[in-house]
Amino acid sequence: MQFPESWLREFCNPPLSTQQLAELLTMSGMEVEELRPVAPPFSGVVVAEIVEAVPHAQADRLRVCQVSVGTGELLQVVCGAPNARVGLRAPLAKVGAQLPPPAGNADAEPINIGVGKLRGVESHGMLCSAKELGIADDHGGLLELDADAPLGRPLREQLQLDDTIFTLKLTPNLAHLLSVYGIAREVAALTGAPLLTPPIEPVKPAHDQRLPVQVQASDLCGRFSGRIVRGVDTRARTPDWMVQRLARCGQRSVTALVDISNYVMFEYGRPSHIFDLDKIHDRLEVRWGRQGEALELLNGNTVEVDATVGVIADAKAVESLAGIMGGQATAVSDDTRNIYIEAAFWWPEAVQGRSRRYNFSTDAGHRFERGVDPAQTVEHIEHITRLVQRVCGGQAGPMDDQISGLPQRQPVSMRVARAAKVIGLPVTQAQCADVFRRLGLVFTEEPGLLRVTPPSWRFDLSIEEDLIEEVIRVVGYDKLPATDPQAPVAPQVRPEARRSGHALRHRMADLGYQEAISYSFVEERWERELAGNADPIKVLNPIAAPLAVMRSSLVGSLVGALRHNLSRKATRVRLFEVGRVYRRDAAARDDELNVAGVAQPARIAALAYGPAEPAQWGAHERGTDYFDIKGDLEALLAPRSAFFEPTRHPALHPGRCARVLLDGVDVGVVGELHPRWRQAYELPQAPLLFELDLAAVQAGAAPSYEPVSKQQPVWRDLALVVAEGASHEALMACLLADPRGLIRSATLFDLYRPGTAGGSLAAGERSLAYRLELRDDAATLTDERIDAAVGAAVARAAAAFAARLRT
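Scope of this entry: the structure provided in the associated data block. (Residues numbered from 1 in each chain as written. Predicted model: local features only at pLDDT ≥ 70, side-chain atom pairs only at ≥ 80, totals over all residues. Heavy atoms only, no water.)

**Considering the nonpolar core**
Rules: As used here, the term nonpolar core means buried Ala, Val, Leu, Ile, Met, Phe, Trp, Tyr and Cys residues forming a set that is joined through side-chain atoms within 4.5 Å. Note on classification: 1.4 Å probe, protein chains only; a residue is buried when its accessible area is under 20% of the maximum for its type, exposed when over 50%, partly exposed between these limits. Residues are treated as being in contact if the distance between any of their heavy atoms lies within 4.5 Å.
One finds Phe3, Leu25, Ile183, Val388, Met414 and Phe436 to be the most contacted residues of the largest nonpolar core, which totals 76 residues. Beyond its immediate chain neighbours, meaning those up to four positions away, Ile183 contacts Met1, Phe3, Leu8, Leu25, Leu168 and Leu177. The next biggest cluster of nonpolar side chains, apart from the first, holds 35 residues, and it includes Leu284, Val286, Val318 and Val351.

**Re the side chain of Ser272**
Note the threshold: Under the scheme used here, helices are H or I runs from DSSP no shorter than 4 residues and strands are E runs no shorter than 2 residues, and both carry numbers assigned from the N terminus. Throughout this description, a polar contact denotes any pair of N or O atoms lying within 3.5 Å of each other; where both atoms belong to protein, one of them has to be capable of donating a hydrogen while the other can accept it, and for residues adjacent in sequence the pair is counted only when both atoms sit in side chains.
With respect to the helices, strands and loops of the structure, Ser272 is situated in the loop between α6 (256-268) and β14 (273-276). Separated by 2.9 Å, the side chains of Ser272 and Ser261 make a polar contact. Not counting residues within four places of it along the chain, the set of residues in contact with Ser272 comprises Ser261, Glu342, Ala343 and Ile384.

**A look at the environment of Pro14**
Of note, Pro14 is situated in the loop between α1 (5-11) and α2 (18-27). Counting along the chain gives 173 residues from Pro14 to Val187, while the straight-line C-alpha distance between them is 7.9 Å. Leave out the neighbours within four places in its chain, and Pro14 touches Arg9, Leu21, Val187, Thr191 and Ala193.

**Comments concerning the sheet that holds strand β15 (residues 284-288)**
In plain terms, the rule: Only strands that DSSP links by at least two bridges are regarded as paired with each other.
Taken in spatial order, the five strands make up an open sheet running β12-β15-β18-β19-β20, and their pairing is mixed. Looking at the sheet topology across the chains shown, the edges are occupied by β12 (213-215) and β20 (325-326). Both β12 and β15 contribute to a ladder of three bridges, which runs parallel. Across the sheet, the residue bridging to Gln214 is Glu285, located in β15.

**Points about the pairing of strand β11 (residues 164-169)**
Most of β11 is tucked away, with five of its six residues classed as buried. Two elements, strand β1 (residues 2-4) and β11, share three bridges in a ladder whose sense is antiparallel. Following the sheet pairing, Pro4 is matched in β11 by Ile165.

**A look at the pattern of salt bridges**
Selection rule: Whenever Lys or Arg places a side-chain nitrogen within 4 Å of a carboxyl oxygen from Asp or Glu, that contact is recorded as a salt bridge.
All told, the structure shown has 47 salt bridges when counted by the stated rule. The partner of Arg153 in a salt bridge is Glu157, and the shortest N-O contact between them spans 3.8 Å. Among the residues examined, Arg153 registers a relative accessible area of 32% and is labelled partly exposed. For Glu157, a relative accessible area of 47% puts it in the partly exposed group. For Arg525, the salt bridge identified is with Glu529, shortest N-O distance 3.0 Å. Pair noted here: Arg525 and Glu529 are both in helix α15 (residues 524-530), with a separation of four residues, about one helical turn. A relative accessible area of 28% places Arg525 in the partly exposed class.

**A word on the packing of α2 against helix α4 (residues 180-191)**
The criterion, for reference: Axes, fitted as lines to C-alpha atoms, cover a helix only where it is in contact. Angles between the N-to-C directions of the axes lie from 0 to 180 degrees. When describing relative orientation, an angle under 35 degrees is termed roughly parallel and one over 145 degrees roughly antiparallel, while 65 to 115 degrees is termed roughly perpendicular and anything else oblique. Polar here means any residue outside two lists: the nonpolar Ala, Val, Leu, Ile, Met, Phe, Trp, Tyr, Cys and Pro, and the charged Asp, Glu, Lys and Arg; Gly therefore counts as polar.
Contact pair α2 / α4: the axes reach a minimum separation of 11 Å and the direction vectors enclose 95 degrees. When the axis of α2 is compared with that of α4, the two are roughly perpendicular. The residues of α4 that touch α2, namely those facing Leu21, Leu24 and Leu25, are Ile183, Val187, Leu190 and Thr191. Grouping the amino acids of the contact of α2 with α4 by side-chain chemistry returns six nonpolar, one polar and no charged.

**Some thoughts on the packing of α6 against helix α10 (residues 377-392)**
Going by this rule: Should the near helix be turned anticlockwise from the far one by less than a right angle, the crossing is termed left-handed; should it be turned clockwise, right-handed.
Two elements in contact, α6 and α10, have axes separated by 10 Å at closest approach and are oriented at 140 degrees. Judged by the sense of rotation from one axis to the other, the crossing of α6 with α10 is right-handed. Between α6 and α10, the residues in contact are Ala256, Leu257, Ile260, Tyr263, Val264, Glu267 and Tyr268 and His380, His383, Ile384, Leu387, Val388, Val391 and Cys392, respectively. Tallied by class, residues from the contact of α6 with α10 come to eleven nonpolar, two polar and one charged.

**Some points on the environment of Phe443**
As for its placement among the helices and strands, Phe443 is situated in strand β25 (residues 442-446). For the pair Phe443 and Ala193, spaced 250 residues apart in the sequence, the C-alpha separation amounts to 22 Å. Sequence-distant contacts of Phe443, defined by excluding residues within four places in its chain, comprise Ala433, Phe436, Arg437, Leu450, Arg451 and Val452.

Put into structure tokens, the structure is as follows:
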């Protein structure tokens, strides 16, 4: 919510400085996000009128102007603005004036205006554009002022430039503060300063014409008010004071009628709509949409509606999206002469989510989906009518007001003792009653209890805690005592065998990866393609249309982050993420951290893309492959050893994918992205990924002392010929299964296949060369014991895999 301070002070003017007012608003729950002046500092600029403008003798684009500032003496000013003309009133920087430095160059010195010569003609000052004064970006010509602006008056006074723009960051429950009057009402309650409520007098009808309106859906519209105004001049110019206030609220001027509607919305929080009466066929119908109906909106979009979208239609077609935006077919134009002004109460539930469905938002929808006061529709139409007649003329007809159902506000009770306990401050019943009285809330009292009936403009008061919040907001958060927490603090000791999440993050960073943090809700396509999840958990109210489901895998998030980096010209990407995933599980039960039917395990995943190493002079560049990511995974799990078995995964290459086993338990997968998804997601090359169960990675054994052996180890090499399909992991396990306990480790150091190793291997065979480490901690090994242990290992391999020694 953005507004100028001067407009707020017209309704409520407390004896506070700008900074004090901002602090008050912030400390009462209306966070002031920004304060900025309307205009930068400048001086010596006054209102002037051009009384003569003749072409410059030596420059086609310059005019020599005689300018009056109300002193009786004319000043000669040379000007190149295309709109410099006789009778125009515009800002004049007199000799000696100081103008702000050019926009974007705040460090520059102010511009001093003196007597100058342009093509041989003296110029006593400078006629200014809005950009040269730093109050707008328009530099197409002189800033045009009202024709009745007093000559010689300082421009800062004329345009109220010594003003400050407030920008508030309001929470969704504060719908009653989405207007200048609503904020002023709150300031009056907080400070005790009087609230000035200008009376709105009814406009006397000049004719009796009415437009038939049928409210067919009371669950969509609770109140619908409107009136006809005939003979308006839609080409009339919006007054400068209104244009300025709209601009300071962040709204550009469009046409007089649109500006008036927007002005009242910012003033009182009441969105309204003005139809071209002559374009409406017979009547208006307020109803739910019907399948197949379409509407071209004022923003140029054409949307289709259905039975869940509220509309205003005439006898032939849909003309407006209820509470959101009007249609092009009945929009006012320069040719409009007769209008219909509409203001309604739309149920918040009937408007919520409809704007996001069509991928746009409006100020009207923003207000209606939070709740707009249903009691003031007639008064606000009267106010709009007076502004229309004041600016555009016209004759008003009688008011039409239909009420089909308004919110029934149920009383809310607040216990004074409960309020004191929640707030942590000993408030009294008299204090609470005073707060409610200042806020304009109707209430009754009993000993220790206040019962409040929420007013029509407050949609956020429904439970006891809402009233308690109002009490402390008005009493003041600064009154809360600074007390130490009383709850006992019991430190939790992490088992030594369990690795912390931070330790894992540091390990991944040591391996050259950067942490990514992604939304838990992702595109449904990612779940279907990369996780193989045909029935993901859907988000009921997604923050964006694509982010519609909860993720069951971190792979999609990392691939999305990779695409983001590649679009910004990254060539080498290393990312990891630690986060929860969400999948359906009937066994999941409700508790403090879980929801029934939804399992929420934590995972750790990583992605590597591009060159294996950063560019350097000592090695040729090579791409990352499966063994690089497998090595990083093993480094993460160290000192525990993982085993890898071929598997299949929806996101990974079927021939370059393995499941990861720790102590025989499947804890995750590692592999290369499937070629199909590499092409579908437009990746120049396939990234490598792994995803592991976080709890399994964190688990481990506590370090235990083991003395250094006094005996020296012995190594023996052997080359075994096995069938091509024999598993290396299984063969390793077979060699290490020494009942004597002498073989401590086995390392594969060579691989031979037919055509590269010689003629001793048959087709379908390969040779695996292992180095065995043997040691006995109790005695020195003898050749006999070594040969026996190696022979037994070969025998075990022969029995299990039909292996033989290569000759």
